[in-house]
Amino acid sequence: MSHVGTLLSDRNPQVLWEVLAELCSESTDFKAAFKLQLAGNVSSEILDSIHRYDLDSNLNLLGYLSHKDAVDLMFHSQCFITY
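Let me sum up the structure you'll find in this document.

What counts and how
- Residues numbered from 1 in each chain as written.
- Predicted model: local features only at pLDDT ≥ 70, side-chain atom pairs only at ≥ 80, totals over all residues.
- Heavy atoms only, no water.
- Helix = DSSP H or I, 4+ residues; strand = E, 2+ residues; numbered from the N terminus.
- Buried < 20%, exposed > 50% of the residue type's maximum accessible area, 1.4 Å probe, protein only.
- Polar contact = N/O pair within 3.5 Å; in protein donor to acceptor, adjacent residues only side chain to side chain.
- Core = buried A, V, L, I, M, F, W, Y, C linked by side-chain atoms within 4.5 Å.
- Contact = heavy atoms within 4.5 Å.
- Phe/Tyr/Trp six-rings, centres within 6.5 Å; stacked < 30°, edge-to-face > 60°.
- Pairing = 2+ DSSP bridges.
- Right-handed = clockwise from strand over helix to strand, strands pointing away.

Looking now at the side chain of Asn-12. Mapped onto the elements of the fold, Asn-12 is located in the loop between strand E1 (2-4) and helix H1 (14-26). A relative accessible area of 15% means that Asn-12 is categorised as buried. At 2.7 Å, the side chain of Asn-12 and the side chain of Ser-49 are in polar contact.

With that settled, the discussion passes to the nonpolar core. Grouped together as the largest cluster of nonpolar side chains are 13 residues, with contacts concentrated most on Trp-17, Leu-36 and Ile-50. When contributions to this core are tallied by element, the ones reaching two or more residues are H1, strand E2 (36-39) and helix H3 (44-52). Among the elements that line this core, the one with the most residues is H1, at three residues. If near-sequence neighbours (up to four positions away) are discounted, Trp-17 is found in contact with Asn-12, Leu-36, Ile-46, Ser-49, Ile-50, Tyr-53 and Leu-55.

All chains considered together, the criterion is met by one aromatic pair. The interplanar angle of 15 degrees and the centroid separation of 5.2 Å between the aromatic rings of Phe-30 and Phe-34 together place this pair among those described as stacked. According to the relative accessible area criterion, Phe-34 is buried, its value standing at 10%.

Residues Leu-36 and Leu-38 point to one face of E2 and Gln-37 and Ala-39 to the other, with burial holding for every one of them. With three bridges connecting them, E1 and E2 associate as parallel partners. Its bridge partner lying in E2, Ser-2 is registered against Gln-37. Bridge count for E2 against strand E3 (residues 59-63) is four bridges, and the pairing is parallel. Bridge pairing in E3 places Leu-38 opposite Leu-61. Read from E2 through H3 to E3, the crossover connection turns out right-handed.

Dropping the structure here:
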């Protein structure tokens, strides 16, 4: 699951983090396979929320990506977060 772009505090998808945490706790297979990739500027409050829901081990913070790399990430993601 990927998000490309700025993800600031006013766009924090708390319910999504909660649901993903529930899925991880219910299924070890899901937890082992699940990867959350965030490319771009991500606020500390978003990262704190991800930490509160114990999704740190599934998180891949990519930082800034070139346009080509961002498009590649979008094409290779099975699920894309638009918020």
